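If you want the building blocks of each chain, they are given just below.
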Amino acid sequence: MEGNTCSSPRRRRRRRPVRVLAAMPLAAPLVTLAGPRLGAQTTGWEQSVQISANAWYGAARARVVATELGVSRTDSAVTVRSDFHLGYADDRDPNGPRRVTARAVRASLGLDYRPFDRYSPFGFGSIESSLQQRIARRYNVGLGTKLTLHRKDRDDLSVSLALLEERTRALAHPDSADPVTRRTRWSLRFRSRRQITPSVFVSHVTFYQPAVRGLADRYTVEATTAVEAALTSVLSVTGTLRHRYDSEARGRGAASNTDGQFLLGVRARF
């Protein structure tokens, strides 16, 4: 959704779990550049379903659930892919009812022309909403080109640059100056995927999307790091760290410009 060392780092990880989680988006590109090259580049149809969750208990009683559906079709001429993501979170203090703290829905459609070439043009579109970032509806459509720096079997390393048009309608809020904003943005993407062992796959993708007018103060950053360990030919367990920053979220009434989560789940591929 991109070198192992000996036993001493394992002990440090137990003492400092927060630092380890915070470093995952930065460490993933380095992890994916090492290890054996195993697996196979897939063509044809692929469908996947992923269900992930996380929870707090005791003094804080919060829970997070996410579902992802993906369908893609790849051959030497074109890749067509569609994705759907649904996320939900709520919490409850010991003396009160549960309240919804996050709810996000996103659907996207993309097309890559000649995906196995070194340079590959692409187009995409998406629609999303986010309660925690105060987005009622956000539409994106854009065109760009991908440069593949490395590819072998399931491993690849690529960067891409696109130009997109964005329209955002904010959720009603008394401090929101304009409920509808339009932005023309650059979209720079870095993606790295690596088959570490026959059963372990790691991926990382980062998007940086500054407005063409307002590069310094109107931008979004989204980083996703995922580890997938196969249990069978169909099922695998996953760990996903997502970090999203929208510099204009507070202006729409959000509590923070940052939206992040760490989830554990199960994925099925068909």
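Note that this is a predicted model, so its numbers are computed, not measured.

Student: Would you mind going over the overall build of the chain with me for this structure?
Tutor: When its secondary structure is counted, the chain shows two helices and 12 strands. Beginning at the N terminus, the succession of helices and strands in the chain can be written as α-α-β-β-β-β-β-β-β-β-β-β-β-β. Evaluated residue by residue, the chain yields a buried proportion of 36% over its 270 residues. Accessible area for the chain stands at about 15500 Å²; split by element, carbon and sulfur atoms hold 60% of it.

Student: I keep staring at the pattern of salt bridges and nothing clicks. Help me out?
Tutor: Between side chains of opposite charge, pairing is possible as soon as their charged atoms come close. What the rule picks out here adds up to 22 salt bridges. Arg106 serves as the salt-bridge partner of Glu222, at 3.6 Å between the closest nitrogen and oxygen. Here the residue Glu222 occupies a position in strand S10 (residues 219–230), and Arg106 occupies one in strand S4 (residues 99–113), the gap between them amounting to 116 residues. Three or more residues joined by partner-sharing salt bridges are found here, namely Arg138, Glu166, Arg183, Arg185, Asp246, Glu248 and Arg252.

Student: Would you mind going over the sheet that holds strand S3 (residues 78–92) with me for this structure?
Tutor: Across a sheet, paired strands are connected by hydrogen bonds in the backbone, their directions being either parallel or antiparallel. The strand order S1-S2-S3-S4-S5-S6-S7-S8-S9-S10-S11-S12 describes a closed barrel built from 12 strands, whose pairing is antiparallel. Here the average twist between neighbouring strands, direction ignored, is 20°.

Student: Could you clarify how one ought to interpret unusual backbone geometry in this entry?
Tutor: Most peptide bonds are trans, and most residues other than glycine sit at a negative phi. Even without being a glycine, Arg114 presents a positive backbone phi close to 50°. Despite not being glycine, Asp153 shows a phi value in the positive range, around 55°. Here Asp153 is to be found in the loop between strand S6 (135–152) and strand S7 (155–170). Classification of Asp153 by relative accessible area gives partly exposed; the value is 28%.

Student: Looking at this structure, I do not really get the pairing of strand S8 (residues 180–197). What am I missing?
Tutor: Working note: regular strand, side chains alternate between the two faces of the sheet. Across 14 bridges, the pairing between S7 and S8 is antiparallel. In the sheet register, Ala162 faces S8, and the bridge partner there is Ser187. With nine bridges joining them, S8 and strand S9 (residues 200–210) adopt antiparallel strand pairing. When the sheet's bridge partners are listed, Leu188 is paired in S9 with Tyr208. Hairpin connection between S8 and S9: a loop of two residues separates the two successive antiparallel strands.

Student: Can you walk me through a nonpolar patch on the surface in this structure?
Tutor: Together, Val49, Ile51, Leu69, Phe84, Leu86, Leu231, Val234, Leu235, Val237, Val266 and Phe270 give the surface a local cluster of nonpolar side chains, amounting to about 910 Å² of exposed area. Only strand S1 (44–55), S3 and strand S11 (235–246) provide two or more residues apiece to the nonpolar patch. With respect to the helices and strands, the residue Ile51 is situated in strand S1.

Student: Help me out: how do you make sense of the environment of Gly44 in this one?
Tutor: Tracing the backbone shows Gly44 in strand S1. Expressed as a C-alpha distance, the spacing of Gly44 and Arg73, which sit 29 residues apart in the sequence, is 5.3 Å. Setting aside residues up to four positions removed in sequence, Gly44 forms contacts with Ser72, Arg73 and Thr74.

Student: Where do I start with the pairing of S7 in this structure?
Tutor: Relative to S7, S6 is paired through 16 bridges, and the arrangement is antiparallel. Bridge assignment links Lys152 to a residue of S7, and that residue is Asp155. From the end of S6 to the start of S7, which pair antiparallel, there are two residues, and Asp153 there has a positive phi angle of about 55°.

The rules behind each value
Per chain, residues are indexed from 1 in the order of the written sequence. Local features in this predicted model are restricted to residues of pLDDT 70 or higher, and side-chain atom pairs are both shown and tallied only at a pLDDT of 80 or more, whereas totals for entire chains, interfaces and linings draw on every residue. The side-chain quantities take in all heavy atoms of the structure and omit both hydrogens and water. Counting from the N terminus, the helices are the DSSP runs of H or I reaching at least four residues and the strands are the DSSP runs of E reaching at least two. Exposure categories follow from relative accessible area, calculated using a 1.4 Å probe and restricted to protein chains: below 20% of the type maximum is buried, above 50% is exposed, and the middle band is partly exposed. Values of accessible area rely on a 1.4 Å probe in the Shrake-Rupley scheme; residue burial ignores everything except the protein chains shown. Each salt bridge in this description consists of a side-chain nitrogen of Lys or Arg and a carboxyl oxygen of Asp or Glu lying within 4 Å of one another. A pair of strands counts as paired when DSSP detects no fewer than two bridges linking them. Geometry is summarised by axes, namely lines fitted to C-alpha atoms with helices restricted to the contacting stretch, and by angles between N-to-C directions that run from 0 to 180 degrees. Patches draw on residues past 30% relative accessible area with no salt bridge. Two like charges within 9 Å are joined, as are two nonpolar side chains (Val, Leu, Ile, Met, Phe, Trp, Tyr) within 5 Å. Throughout, a contact is declared for two residues whenever any of their heavy atoms are within 4.5 Å.

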